[in-house]
Amino acid sequence: MPRTSTILGNSHLVIDTGMATPGATTIVERKGLGHPDTLADHLAERLSRAYSRYTVDHFGAVLHHNFDKLALLGGASEVRYGGGRMTSPVRVLVNGRAAPMCGGESIPVTEIVEAEVRSFFAERLPEVSDSLDIVFNITSNSSPGAVLTGDEIPDRTRWFSPRSIDDLRERRVRLSNDTSLGTGWAPENSFESFVRELVDHFSGESDFTRAHAWCGSDVKLMGYWDGECADVVLCVPQKSRQVGSRGQYVRNAESVLAECHRLAGVRLPGAEARFRLNARDVPDKDELYLTFTGSSIESGDEGVVGRGNRVNGLITPLRPMNLEGANGKNPVYHVGKLYNIAAQRLAFRLHEATAGYAEVHLVSTTGQRLDEPWRILVRLSAADAELDKVQALVAEILTEFPALTDELVSGGIVLS
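Model, not experiment: these values are computed from the prediction.

Here is what the cut-offs are and how they apply
Residues numbered from 1 in each chain as written. Predicted model: local features only at pLDDT ≥ 70, side-chain atom pairs only at ≥ 80, totals over all residues. Heavy atoms only, no water. Helix = DSSP H or I, 4+ residues; strand = E, 2+ residues; numbered from the N terminus. Buried < 20%, exposed > 50% of the residue type's maximum accessible area, 1.4 Å probe, protein only. Areas by Shrake-Rupley, 256 points an atom, 1.4 Å probe, with all protein chains shown as cover. Lys, Arg positive; Asp, Glu negative; His and termini not counted. Charge placed at Lys NZ, Arg CZ, Asp CG, Glu CD. Salt bridge = Lys/Arg side-chain N within 4 Å of Asp/Glu carboxyl O. Polar contact = N/O pair within 3.5 Å; in protein donor to acceptor, adjacent residues only side chain to side chain. Contact = heavy atoms within 4.5 Å. Expected span 1.5 Å × (residues − 1). Pairing = 2+ DSSP bridges. Axes fitted to C-alpha atoms, helices over the stretch in contact; angles between N-to-C directions. Parallel < 35°, antiparallel > 145°, perpendicular 65-115°, else oblique. Nonpolar A, V, L, I, M, F, W, Y, C, P; charged D, E, K, R; others polar. Phe/Tyr/Trp six-rings, centres within 6.5 Å; stacked < 30°, edge-to-face > 60°. Lys NZ or Arg CZ within 6 Å of the ring centre and 35° of its normal. Left-handed = near helix turned anticlockwise from the far one by under 90°.

## A word on the overall build of the protein chain
For step 1, the next point in the chain: Of the regular secondary structure elements, the protein chain holds 8 helices and 20 strands.
For step 2, the next point in the chain: Taken across its 416 residues, the protein chain has 50% of its residues classed as buried.
For step 3, the next point in the chain: About 18300 Å² of surface is accessible on the protein chain, with carbon and sulfur atoms providing 48% of the total.
For step 4, the next point in the chain: The distance from the centre of the 44 positive side-chain charges to the centre of the 55 negative ones in the protein chain is 2 Å.

Quick look at the structure:
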């Protein structure tokens, strides 16, 4: 595999060409909108976006914060055919840091967070919205490095209590907050795209969910694909108030399976497709994936940021991945968020430019310029890739971090 190594700015760029294209064998997982881990991810990102918008509107800049350690602790419920109720609340542990003031003006952090938490659950799981216990663990402690040597206050201690936005170092130069990495690849194969579509079809707004009010959103799929046959294990809950009997539950499940085969016929034409639904069900004992809210968060299950879908919306162990939880991280300089998005975008552009498989790894060094990663590794299946064009695309993506921040704050990028 030919390799080219060069220096791009202050970054060490390596380009491998002619690499083997990934084989057809695919293992892929996706968690739906009501899965506790997805709920935690999306809520953390929503809190970051709300806080960022507030500080931009009031002070002209995104102030320091992170909500990427948020966790949801499951409540308790009673479920019966035709009914049900919450018996213990879902606990929302808002762990993180946020600047509580700027220039002496207070920021209503807890009010912003509480309003967003309640609005989020009212939209996503309305049955839970009246059964929430919100626990705040939001600090404003500075990162390590504020060494006291005299009467002067170290600049680092002002990160979460700036006298004005001029105290924000990133206003002058954006430095990486961590030694970490971002990973991206393109394109998806037909089965990976099918998995995304199928989970969204059952967990989000679709003709199917609008026509079947009993369909819950805590959908999870694990799939295996060998290029000719799709083997899928799928969980789709039903809402107990909309299901009057065991027989109705079974008929509903049959309609889910029929829909799976219909979509497979459209998206995977000619392929054999096998589906196993709600594998733990024991209908004769009324042990069913029947829920009051449509999510297992109602019955003791927990959700934690970073345990769900990657930035591209999939969990793909046979593809390159990393363990960063992007949701809730600061959109200005947190490499665990920005490098993953940038790597995914760059991989897609390289795929388009070379008509082949592309893989990108961006590696940071804490305290170094955000737009000058320590290492950049590009791997391409195209043997005849134009290296000047590849370098130009890499250089282009590295200029886009300020615009990426704006997209994240405005909601133009939705992490799935």
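Right, picking up where we left off after that structure.
## As for the pattern of salt bridges
For step 1, the next point in the chain: Inspection of the entire model under this criterion finds 34 salt bridges.
For step 2, the next point in the chain: Across the pair Lys-220 and Glu-29 runs a salt bridge, and its minimum N-O distance is 3.3 Å. Here Glu-29 lies in strand β3 (residues 26–31) and Lys-220 lies in strand β13 (residues 220–225), a separation of 191 residues in the sequence.
For step 3, the next point in the chain: Judged by relative accessible area, Glu-29 falls into the buried class, the value being 11%.
For step 4, the next point in the chain: A salt bridge links Glu-205 to Arg-210, with the shortest nitrogen-to-oxygen separation between them at 3.1 Å. Side by side, Glu-205 and Arg-210 carry an identical accessibility label, which is exposed.

## Describing the side chain of Asn-278
For step 1, the next point in the chain: Tracing the backbone shows Asn-278 in the loop between β16 (272–277) and β17 (290–291).
For step 2, the next point in the chain: Asn-278 sits in the buried class, given a relative accessible area of 5%.
For step 3, the next point in the chain: Here the side chain of Asn-278 touches Val-236 through a polar contact of 2.8 Å, landing on its backbone nitrogen.
For step 4, the next point in the chain: The contact partners of Asn-278, leaving out residues within four places of it in the chain, are Leu-234, Cys-235, Val-236, Tyr-249 and Tyr-289.

## Comments concerning helix α1 (residues 36–59)
Residue pairs three or four apart in sequence face the same way in an α-helix, which turns once every 3.6 residues.
For step 1, the next point in the chain: Between the first and last C-alpha of α1 there are 34 Å, a value that for 24 residues agrees with the 34 Å anticipated at 1.5 Å per step.
For step 2, the next point in the chain: Most of α1 sits inside the fold, with 19 of its 24 residues counted as buried.
For step 3, the next point in the chain: Gly-60 occupies a position one or two residues after α1 and carries a positive phi of about 90°.

## Side note on the sheet that holds β16
Two pairing modes exist for strands in a sheet, parallel and antiparallel, and in both the strands are linked by backbone hydrogen bonds.
For step 1, the next point in the chain: Strands sit in the order β3-β13-β14-β16 across an open sheet of 4 strands; the sheet is mixed. A strand with exactly one partner marks an edge of an open sheet, and here the two such strands are β3 and β16. Across the sheet, the axes of successive neighbouring strands diverge by a mean angle of 15°, strand direction being ignored.
For step 2, the next point in the chain: As defined by bridge partners, strand β14 (residues 229–235) adjoins β16 across 6 bridges and the pair is classed as parallel. Counterpart to Leu-234 in the pairing with β16 is Leu-277.
For step 3, the next point in the chain: Packed onto the sheet, helix α3 (residues 190–203) meets β3, β13, β14 and β16 and runs at close to 20° relative to β3.

## Some points on the sheet that holds strand β19 (residues 358–363)
For step 1, the next point in the chain: Ordered in space as β1-β2-β20-β19-β12, the 5 strands form an open sheet in which the pairing is mixed. Each edge of the open sheet carries a strand with a single partner, namely β1 (3–8) and β12 (181–186). Pairs of neighbouring strands in the sheet enclose a mean axial angle of 10°, with direction left out of account.

## Topic: the packing of helix α6 (residues 335–354) against helix α8 (residues 401–410)
For step 1, the next point in the chain: Interaxial distance between α6 and α8 falls to 11 Å at its minimum, and their mutual angle equals 105°. In terms of orientation, α6 and α8 fall into the roughly perpendicular class. Taken together, the residues of α8 that come into contact with α6 (itself represented by Lys-337, Leu-338, Tyr-339, Ile-341, Ala-342 and Arg-345) are Phe-401, Leu-404, Thr-405, Glu-407 and Leu-408.
For step 2, the next point in the chain: Within the contact of α6 with α8, the residues separate by chemical class into 7 nonpolar, 1 polar and 3 charged.

## Examining the packing of aromatic side chains
Aromatic rings in a pair are described by how distant their centres are and how their planes are angled relative to each other.
For step 1, the next point in the chain: Tallied over the entire structure, the rule returns 8 aromatic pairs.
For step 2, the next point in the chain: Geometrically, the ring pair formed by Phe-120 and Phe-121 is edge-to-face, given 5.4 Å between the ring centres and 90° between the ring planes.
For step 3, the next point in the chain: Put simply, the rings of Phe-191, Phe-194, Trp-225 and Phe-275 touch in pairs and so form one group of aromatic residues.
For step 4, the next point in the chain: The aromatic ring of Trp-374 is capped on one face by Arg-375, whose charged end is 5.3 Å from the ring centroid.

## Things to note about the environment of Asp-57
For step 1, the next point in the chain: Its place among the elements puts Asp-57 in helix α1.
For step 2, the next point in the chain: Looking at Asp-57, the relative accessible area reads 64%, which means it is exposed.

## Looking at the packing of α1 against helix α2 (residues 109–124)
Packed helices, taken two at a time, are described by their axes: the angle between them and the distance between them.
For step 1, the next point in the chain: Two elements in contact, α1 and α2, have axes whose closest approach is 10 Å; the angle formed by their N-to-C orientations is 135°. The angle between α1 and α2 places the two elements in the oblique class. The two elements α1 and α2 cross, and the hand of that crossing is right-handed. Along the contact surface, α1 presents Leu-39, His-42, Leu-43, Arg-46, Leu-47, Ala-50, Tyr-51 and Tyr-54, while α2 presents Val-109, Ile-112, Val-113, Glu-116, Val-117, Ser-119, Phe-120, Phe-121, Glu-123 and Arg-124.
For step 2, the next point in the chain: Taken together, the residues of the contact of α1 with α2 sort by class into 12 nonpolar, 2 polar and 4 charged.

## Some details on the pairing of β19
For step 1, the next point in the chain: Counting buried residues in β19 gives 5 out of 6 residues, a clear majority hidden from the surface.
For step 2, the next point in the chain: Strand direction decides the pairing type here: β12 and β19, joined by 6 bridges, are antiparallel. Each residue of the ladder has a partner; that of Gly-184, found in β19, is Val-360.
For step 3, the next point in the chain: Two strands pair when backbone bridges link them, and β19 and strand β20 (residues 375–380) are joined in this way by 6 bridges, in the antiparallel orientation. Within β20, the position partnered with Leu-362 by the bridge is Ile-376.

Don't take any of this as a statement about function, it's just geometry.
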